[in-house]
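Letter by letter, the chains look like this.
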Amino acid sequence: MEAESEPYVRLATMRQLHQAVADLNTARSLADTLQSVADGIVAGLGYELGCVNLVRPDGDLVVAAFAGNTAAEALITGRVGSRDSWERRLSMGEAWDGLRFIPHTEGWVLLDDDVPQWHTEGPEPRFEDEWHPLDRLYAPMYASGGGLDLLGVISVDRPRNGRRPGAWGREALQMYASQAAIAISNARLRANMQRALVRLEREQQALRASEESFRQAFEYAPSGMAIAEMGGDQNGRLLRTNDALCRLLGRPASVLRRYSFADLVHPEDIGTLLRTSAEGGRAELRLGRRDGTYLWVSLRNSVVADTTDGPRFLLTHVEDIEERKRNELHLAHRASHDALTGLPNSAELRSRLGARLCERPHSSVTSSAVEALDAAYGDVETSPAHGYRADGYEAEVVAGVGPYDHHVHTVAPDMERDDGTKGLAVLFCDLDGFKSINDRFGHHAGDAVLIEVARRLTTCVRDGDTVARLGGDEFVVLADGLGAADAADLAVRLRNAIIPPIRVDGRAVRVGASFGIGWAECGMTGEEVLHSADQRMYVEKRSRSKVHRRAG
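Just so it is clear, the structure is predicted and the values come from calculations on it, not from any experiment.

Calculation rules
- Residues numbered from 1 in each chain as written.
- Predicted model: local features only at pLDDT ≥ 70, side-chain atom pairs only at ≥ 80, totals over all residues.
- Heavy atoms only, no water.
- Helix = DSSP H or I, 4+ residues; strand = E, 2+ residues; numbered from the N terminus.
- Buried < 20%, exposed > 50% of the residue type's maximum accessible area, 1.4 Å probe, protein only.
- Contact = heavy atoms within 4.5 Å.
- Pairing = 2+ DSSP bridges.
- Core = buried A, V, L, I, M, F, W, Y, C linked by side-chain atoms within 4.5 Å.
- Salt bridge = Lys/Arg side-chain N within 4 Å of Asp/Glu carboxyl O.
- Axes fitted to C-alpha atoms, helices over the stretch in contact; angles between N-to-C directions.
- Parallel < 35°, antiparallel > 145°, perpendicular 65-115°, else oblique.
- Nonpolar A, V, L, I, M, F, W, Y, C, P; charged D, E, K, R; others polar.
- Disulfide = S-S within 2.5 Å.
- Polar contact = N/O pair within 3.5 Å; in protein donor to acceptor, adjacent residues only side chain to side chain.
- Expected span 1.5 Å × (residues − 1).
- pLDDT = per-residue confidence, 0-100.

Chemist: Could you give an account of the overall build of the protein, with specific residues and numbers?
Modeler: For the protein, the count of helices and strands is 19 helices and 18 strands. In the protein, which comprises 552 residues, the share counted as buried stands at 45%. A separation of at least 24 residues holds for 59% of the contacts in the protein among residues at least 6 apart in sequence.

Below, the structure is given as structure tokens:
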């Protein structure tokens, strides 16, 4: 079974979680949002059953959505459990950060309470972390704003891998519950605002009362709201903002009325803002705060009219997604970096190396250079492969194939003579004597050595170079713009940096290092480049005596 700690498993989980959260924001109604929450548990989090229990106005919880079993859905959807019974459940068992797990050894006392439940028969667990049919796992959802106002509870059952979720699975479920609570709150808010807009259109005689309802929904919304002009010389200028948006951007309403969102958006996101449609458009971008920092927000637009034939205004809902973006970056970093040393891991190394390579060898590019120049100046008719059709209009060119792509081909220096060519050096490093440290002093000492070696390697390279841990005691350095002599000098500096003693738990230990230098070149795959450097490392290791390999 694949472990949660494996990078590609974590990356797959992150993608599934990201897709499940994205699906929450596509629902058009509160009912669709609740069902999307339940479906996301099954489709994105790896559970066979998912249930959403929503707090009613009287405080009791109703089963609002169910996914994973149609028979169970028909049986318990719409049934109600008392608040007291739910409070009892959320205080039992084990607290997993923001989650609550009740093992089957304790949950038998809940079989007769009034909370709707569905269980399947199954064998007794064979090992400690195996999931039992009577195990219960709950993820409370709280209303936005940082309080403890219970919005509902997500309950899950039957993980597909048959095991209780580990730290990674718990973190994913807790993050999903937080995003689900935001989506449900926003769905309620949108429903309230839509009802207010319908009243404004259909009940002219109650216009003042409807305006007050809209004002309160606008002013007291937990997330930012803004009304902007549409059309004319002042198109886009903010006319009105609520307190939540003012707090979000750190600017008073009187100051915000001088700006439009185009004045506040991050320069890199201006294109995203301009491409966002007024009616139903949505975008994720950064807005500037008063202190000069930028905050990730989600914008959602809708058009409202002052009267039936009056001017139209743009109503924009602004939601703070800074924490979600930070979590996404954190998860992406964890998936692409080694947990022990913090260096890029094997997958990230191959990604960076692959980005520099194309399938076409560099030597095949120069043969068509004259033809490419002729085509550019119209001296000859060329085929679409050269970037232009016979009629003179541009044709689609596949990156890495045509002479007009922006890919800079990677070449290797001539090892026979120094012709001044600079290339991308790949230095494969294998530590000498590391296994004996693990055997004598334990894996804790070995880990400390790997961390220190990673630090020393990183301090010896330039900004822009890559130091990655391939696995075990193997490291790889990518250094661009080096000649053959430069790469050899770098290998010597790196080896000399590794050799000095390393202090671990009050004792000094030493390791040596063997380096193999390979060169990346277009026409090769990343695996071929790493294999070449690896083979040269072993040649270099065999060419040195055992005593010389050991640092001491």
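Chemist: Outline the pairing of strand E1 (residues 47–55), supporting the account with residue identities and numerical values.
Modeler: Burial of E1 is extensive: 8 of the 9 residues sit out of reach of the surface. As paired elements, E1 and strand E7 (residues 150–159) share 7 bridges and run antiparallel to each other. Bridge pairing in E7 links Tyr47 to Pro159. Note: E1 against strand E2 (residues 61–67), 6 bridges, orientation antiparallel. The partner of Leu54 across the bridge, within E2, is Val62.

Chemist: Hey, could you go over unusual backbone geometry for me, with residue numbers and the actual values?
Modeler: Of note in the backbone geometry, Asp97 takes a positive phi value of approximately 55° without being a glycine. Checked against the element boundaries, Asp97 lands in the loop between strand E4 (94–96) and strand E5 (99–102). Unlike most non-glycine residues, Asp505 shows phi in positive territory, near 55°.

Chemist: Give a detailed account of the nonpolar core, specifying residues and quantitative values.
Modeler: Most often, soluble globular proteins keep nonpolar side chains buried together rather than apart. Counting residues in hydrophobic clusters, the biggest one holds 38 residues, and the most contacted among them are Val37, Leu137, Met141, Ile154, Leu173 and Tyr176. Contributing elements (two or more residues each) for this core: helix H1 (7–24), helix H2 (30–44), E1, E2, E5, strand E6 (136–142), E7 and helix H6 (167–202). The leading source of residues in this core is H6, at 10 residues. Beyond its immediate chain neighbours, meaning those up to four positions away, Met141 contacts Val52, Asp149, Leu150, Leu151, Gly152, Val153, Ile154, Ala177, Ala180, Ala181 and Ile184. One finds Phe475, Ala487, Ile498 and Trp519 within the second-largest nonpolar core, a separate group that totals 31 residues.

Chemist: Describe the pattern of salt bridges, with residues and values.
Modeler: Within this structure, the stated rule accounts for 29 salt bridges. Of the charged contacts in the structure, one is a salt bridge between Glu48 and Arg158, with a shortest N-O distance of 2.5 Å. One end of the pair, Glu48, is in strand E1; the other, Arg158, is in strand E7, with 110 residues separating them in the sequence. Overlapping salt bridges, with partners in common, bring together Glu284, Arg324, Lys325 and Glu328 in one network.

Chemist: Hey, could you go over the packing of helix H13 (residues 346–355) against helix H18 (residues 526–542) for me, with residue numbers and the actual values?
Modeler: Geometry of a packed helix pair, given as the angle between the helix axes and the separation of the axes. Put simply, H13 and H18 touch, their axes get as near as 9 Å, and they point 110° apart. Considered as vectors, H13 and H18 are oriented roughly perpendicular to each other. Along its contact with H13, which presents Leu349, Arg350 and Leu353, the element H18 presents Gly526, Glu527, Val529 and Leu530. For the contact of H13 with H18, the per-class residue count stands at 4 nonpolar, 1 polar and 2 charged.

Chemist: Can you break down the pairing of strand E11 (residues 294–305) residue by residue, with the values?
Modeler: Here strand E10 (residues 282–288) runs beside E11; their pairing, made up of 7 bridges, is antiparallel. The residue bridging Leu287 from the neighbouring strand is Leu295, located in E11. Taking the residues between adjacent antiparallel strands as the criterion, E10 and E11 are bridged by 5 residues, where Gly292 takes a positive phi near 95°. Two elements, E11 and strand E12 (residues 312–320), share 9 bridges in a ladder whose sense is antiparallel. Paired with Val297 across the bridge in E12 is Asp320.

Chemist: Which residues make up the environment of Gly59, and what values do they have?
Modeler: Turning to its location among the elements, Gly59 is positioned in the loop between E1 and E2. Relative accessible area serves as the criterion here: at 14%, Gly59 is assigned to the buried category. The sequence separation of Gly59 and Asp84 amounts to 25 residues, and the corresponding C-alpha distance is 9.3 Å.

Chemist: Outline the state of the cysteines, listing residues and values.
Modeler: For the coordinates displayed, the defined rule picks out 0 disulfides. Free cysteine: Cys358, not disulfide-bonded; nearest cysteine sulfur from Cys522 at 3.6 Å.

Chemist: How would you sum up the sheet that holds E5? Please name residues and give values.
Modeler: Strand order in the open sheet made by the 7 strands is E3-E2-E1-E7-E6-E5-E4, with antiparallel pairing throughout. Across the chains shown, the open sheet's two edge strands, defined by having one partner strand only, are strand E3 (80–81) and E4. Examined bridge by bridge, E6 and E7 share 6 bridges and lie antiparallel to one another. Each bridged residue has a counterpart across the sheet, and for Pro140 the counterpart in E7 is Val153. Here H2 sits on the sheet in contact with E1, E2 and E7, set at roughly 150° to E1.

Chemist: Any chance you could break down the environment of Tyr294 for me, citing the residues and the numbers?
Modeler: Here Tyr294 lies in strand E11. Setting aside residues up to four positions removed in sequence, Tyr294 forms contacts with Leu264, Val265, His266, Pro267, Arg286, Leu287, Gly288 and Glu322.

Chemist: Any chance you could break down the side chain of Ser223 for me, citing the residues and the numbers?
Modeler: Secondary-structure assignment places Ser223 in the loop between helix H7 (207–219) and strand E8 (224–229). Relative accessible area serves as the criterion here: at 11%, Ser223 is assigned to the buried category. Polar contacts involving the side chain of Ser223 include one to the side chain of His317, which spans 2.6 Å. Ignoring sequence-local partners within four residues, the contact set of Ser223 consists of Asn186, Leu189, Asn242, Ala244, His317, Val318 and Glu319.

Chemist: Let's hear about the side chain of Asp269: which residues, and what values?
Modeler: Within the element layout of this structure, Asp269 appears in the loop between helix H10 (261–264) and helix H11 (270–275). Its relative accessible area of 7% is what places Asp269 among the buried residues. Beyond its immediate stretch of four places on either side in the chain, Asp269 contacts Leu285 and Arg286.

Chemist: Quick one: what's the story with helix H12 (residues 322–336), residue by residue and with numbers?
Modeler: The end-to-end C-alpha distance of H12 is 21 Å, a good match for the 21 Å that 15 residues give at a rise of 1.5 Å each. Inspection of H12 places Glu322, Arg324, Lys325, Leu331, Ala335 and Ser336 among the buried residues, and these make up the whole buried set.

Chemist: Requested: an account of the sheet that holds E12, with residues and values cited.
Modeler: Read across the open sheet, the 5 strands follow the order E9-E8-E12-E11-E10; overall the sheet is antiparallel. Strand pairing shows two members of the sheet lacking a second neighbour, strand E9 (238–241) and E10, which therefore form its edges. Going from strand to strand, the sheet's axes swing by 35° on average, the running direction of each strand aside. Along the sheet, H12 makes contact with E10, E11 and E12, crossing E11 at roughly 135°.

Chemist: Which residues make up the confidence of the model for the protein, and what values go with them?
Modeler: Considering every residue of the protein, the mean pLDDT works out to 82; 82% of them sit at 70 or more. Every residue in residues 364–404 scores below 50 in pLDDT, and together they form 41 contacts with partners more than four places removed in sequence or on other chains. A low-confidence stretch, residues 547–552 (pLDDT under 50), is modelled with 13 contacts involving residues beyond four sequence positions or located in other chains.

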